[in-house]
Amino acid sequence: MSITDLGRLGGEPPSDGGTDLAVHAEGLVKTFGGHRAVDGIDLDVRPGEIFGVLGPNGAGKTTMLRMLATLLKIDAGRAEIFGVDVAGNPHMIRQLVGVTGQYASVDENLTARENLWLFGRLQGVAAPRARRIAVDLLGQFGLEEAADRPIAQFSGGMRRRLDLAASLITRPPLIFLDEPTTGLDPRTRGQMWDTIRGLVADGCTVLLTTQYLDEADQLADRVAVIDHGRKVAEGTPDELKSAVGNSALQMLLAEPDEVPIAVEIVRRVLGSDPVLGTEQGRLNVALDQADLAADVLIALRTAGVSIASVSVAKPSLDEVFLALTGHETDGDKTGTEENR
Ligand SMILES: Nc1ncnc2c1ncn2[C@@H]1O[C@H](COP(=O)(O)OP(=O)(O)OP(=O)(O)O)[C@@H](O)[C@H]1O
Ligand SMILES: [Mg+2]
C-alpha cells in the first residue's frame, strides 16, 4: 500500500494492516496533570459506518479524537487506523484521516475559495489541482454563491460546512467530526446530517462526537457513550434504548433521606437498582413493562415512602444516558466558548 493509493474519497483503505477495522483502539489513556481525561477507552469502528461518540462536556471526546488523529500523544494503550499503528506512523495516519475540529479552523479574512485553495496548497496539492478541488467542494457543500465572500461574513452553518470541506481536500477514507452540529439551527443541522450521510454513501467512514442524543440516534449506526473518560455503553441506538427497558419510571421523593429505603424497595420489587438523579431525592427506574410502575408505587406507599412527583414514559435517549451515567446531558449547552 502506498499513500497515493489513498487519494480518493473513500478510496480503498489499506488492506495489509492485519485488521478490517477503520479504527481499533485498546485502553487509550490521556492524562492532564494527574487528571485522566481519557481513562482506558477501547473502540472499534467498522469501515463504512457512522460511529457516534456521545458524552457530556468534558467527557473526553475531543481528547480521544485528537489522540487518534496524532494531534495528542497517546499516554497509554494503542490505536490503529486501517491497521496502521497511530503512534508509530503519524505521517501515514494523517493521510488516512480528515479532521474537522470543534472550532472552525479557517482564516477569517480570506474568502471560502481562497481558504480551500490554501488548505490544499498547505497539504502539498499542486496549485491548479487545488483550484479545481476548491470549486468541486464549494459545489458539493452548496457554497458556490458565497465562494468569494470573506469567511468573517459567514453564518455558523456555512463555517461548519466550509470546515468539513477543508478536511476533505485530500479525500481521506476516514473522517473525524468533532461536534459537527453544535450551535447550528435545526434546519442547518439537518443539512449537515445529509452531508455526512452523503460522505458515507461515497465510501467514507465517519467517527463523530456529539452531545446530542437525537443526533446519535438519527445519524449513527453505532454509538459509544463516554463519561468521565470511560466508555459506559456501546451499541446501536436501538440496543441502547432497549437496554434500559421499555418504559422509565421517574420519581421525586418528598423526603430525600428516604432514598436508601426506596432503592431497597425497587430492588426487591424489580430485581434491579434505580439510577439516582443529580437532584436530591430523584430516582429513575427502568421498566420492562409500564404496568410494573404500579407495583413499585404500591410497595413504596406500603413502606410509608412519600413521593412528590412521578411520571412513566418511554425512555428517550436522554433517559438512556441518565440511566447509564447517573446524570443528565447538558441540554442547555449553547455552544459558547466558556462551555467548551
Ligand atoms: N490541553 C489540556 N490541558 C489540560 N486539560 C485538558 C486539556 N484538554 C482537555 N482537558 C481536560 O480533559 C477533559 C476532557 O476534555 P475534552 O475536551 O476531551 O472533553 P469533551 O468531551 O470534548 O467536551 P466538550 O463536549 O465540552 O467538547 C476535561 O476535563 C478538560 O478540561
Ligand atoms: Mg470537545
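Since the structure is predicted, the reported quantities are computational estimates derived from the model, not experimental observations.

## Some remarks on the overall build of the chain
Item 1. Per the secondary structure count, the chain includes 11 helices and 14 strands.
Item 2. When the 340 residues of the chain are sorted by exposure, 42% land in the buried category.
Item 3. Put simply, 70% of the contacts in the chain that link residues at least 6 apart link residues at least 24 apart.

## A look at the packing of helix α9 (residues 259-270) against helix α10 (residues 292-302)
The relative placement of two packed helices is expressed as an angle between their axes plus a distance between the axes.
Item 1. α10 packs onto α9 with a crossing angle of 135° between their chain directions and a minimal axis gap of 10 Å. Relative to α10, the element α9 is oriented oblique. Crossing of α9 over α10 shows right-handed handedness. Facing α9, whose interface residues are Ala262, Ile265, Val266, Val269 and Leu270, α10 presents Leu292, Asp295, Val296, Ala299 and Leu300.
Item 2. Split by residue class, the contact of α9 with α10 holds nine nonpolar, no polar and one charged.

## With respect to the packing of helix α3 (residues 112-122) against helix α5 (residues 156-167)
Item 1. It is the contact of α3 with α5, at a shortest axis distance of 9 Å, that shows an interaxial angle of 25°. If you check the angle between α3 and α5, you find them roughly parallel. Handedness of the crossing formed by α3 with α5: right-handed. Facing Ala112, Asn115, Leu116 and Phe119 of α3, the residues of α5 in contact are Leu162, Ala165 and Ala166.
Item 2. Looking at the contact of α3 with α5 residue by residue, the classes come out as six nonpolar, one polar and no charged.

## Let's talk about unusual backbone geometry
Item 1. Residues other than glycine seldom take positive phi values, yet arginine 171 does so here, at roughly 55°.
Item 2. By the element assignment, arginine 171 lies in the loop between α5 and β7 (174-178).
Item 3. The class of arginine 171 is partly exposed, set by 17 C-beta atoms lying within 10 Å.
Item 4. Here glutamate 179, not a glycine, exhibits a phi torsion of approximately 45°, which is positive.
Item 5. Tracing the sequence through the fold places glutamate 179 in the loop between β7 and α6 (186-201).
Item 6. Assessed through the 25 C-beta atoms surrounding it within 10 Å, glutamate 179 is described here as buried.

## A closer look at the environment of proline 237
Item 1. As for its placement among the helices and strands, proline 237 is situated in helix α8 (residues 237-243).
Item 2. In this structure proline 237 comes out as buried when scored by C-beta crowding, with 21 C-beta atoms within 10 Å.
Item 3. For proline 237 and glycine 52, which are 185 residues apart along the polypeptide, the C-alpha to C-alpha distance reads 9.7 Å.

## Let's talk about the pairing of strand β9 (residues 222-227)
Item 1. β9 sits mainly inside the fold: five of its six residues count as buried.
Item 2. The pairing of strand β3 (residues 50-54) with β9 spans four bridges and is parallel. When the bridges of β9 are listed, phenylalanine 51 appears paired with arginine 222.
Item 3. Inspection of the sheet shows β9 paired to strand β10 (residues 230-235) by five bridges, in the antiparallel sense. Note on β10: the bridge partner recorded for valine 225 is alanine 233.
Item 4. In sequence, β9 turns back onto β10 through a hairpin of two residues, with histidine 228 there showing a positive phi of about 45°.

## So, the site of ligand 1
Item 1. Taken together, 13 residues surround ligand 1, and among them Phe32, Ala37, Lys61, Thr62 and Thr63 come closest.
Item 2. Top element by residues in the shell around ligand 1 is helix α1 (residues 61-68). It accounts for three residues.
Item 3. Split by residue class, the shell around ligand 1 holds three nonpolar, eight polar and two charged.

## A look at the confidence of the model for the chain
Item 1. Here the chain averages 84 in pLDDT, and 86% of its residues register 70 or above.
Item 2. Every residue in residues 1-11 scores below 50 in pLDDT, and together they form 23 contacts with partners more than four places removed in sequence or on other chains.
Item 3. Low pLDDT (under 50) marks residues 331-340, which in the prediction has eight contacts with non-local residues, meaning those over four places away or in another chain.

## Quick word on the sheet that holds strand β2 (residues 35-45)
Item 1. Pairing is antiparallel across the open sheet formed by four strands, whose spatial order is β2-β1-β4-β5. The open sheet has two edge strands with one neighbour each: β2 and β5 (84-85).
Item 2. Here strand β1 (residues 23-32) pairs with strand β4 (residues 76-81) via five bridges, running antiparallel. Pairing of glutamate 26 across the sheet is with arginine 78, part of β4.

What counts, and at which threshold
Counting restarts for each chain, with residues numbered from 1 along the sequence as it is written. Working convention: letters from A go to chains and numbers from 1 go to ligands, in the order in which they are written. Only residues with pLDDT of 70 or above have their local features reported here, since the model is predicted, and side-chain atom pairs are shown and tallied only from 80 upward, although totals for entire chains, interfaces and linings are computed over all residues. Only DSSP runs of H or I reaching four residues or more are called helices, and only runs of E reaching two or more are called strands; each is numbered from the N terminus. Remark: C-beta atoms are placed from the backbone, and a residue is labelled buried if 20 or more other C-beta atoms sit within 10 Å of its own, exposed if 12 or fewer do, or partly exposed between those counts. Once C-beta atoms are placed from the backbone, any two residues with those atoms within 7 Å are in contact. Note on definitions: angles span 0 to 180 degrees between N-to-C directions of axes, and those axes are lines fitted to C-alpha atoms, for helices only across the stretch in contact. Throughout, the term roughly parallel applies to angles under 35 degrees, roughly antiparallel to angles over 145, roughly perpendicular to angles from 65 to 115, and oblique to all others. Take the far helix as your reference; a near helix turned counterclockwise from it by less than a right angle gives a left-handed crossing, and one turned clockwise gives a right-handed crossing. Any residue outside Ala, Val, Leu, Ile, Met, Phe, Trp, Tyr, Cys, Pro, Asp, Glu, Lys and Arg is labelled polar, Gly included; the first ten of those are nonpolar and the last four are charged. A pair of strands counts as paired when DSSP detects no fewer than two bridges linking them. The criterion for a residue being near a molecule or strand is a backbone-placed C-beta atom within 6 Å of that molecule or strand. Confidence scores here are pLDDT values: one per residue, from the predictor, ranging 0 to 100.

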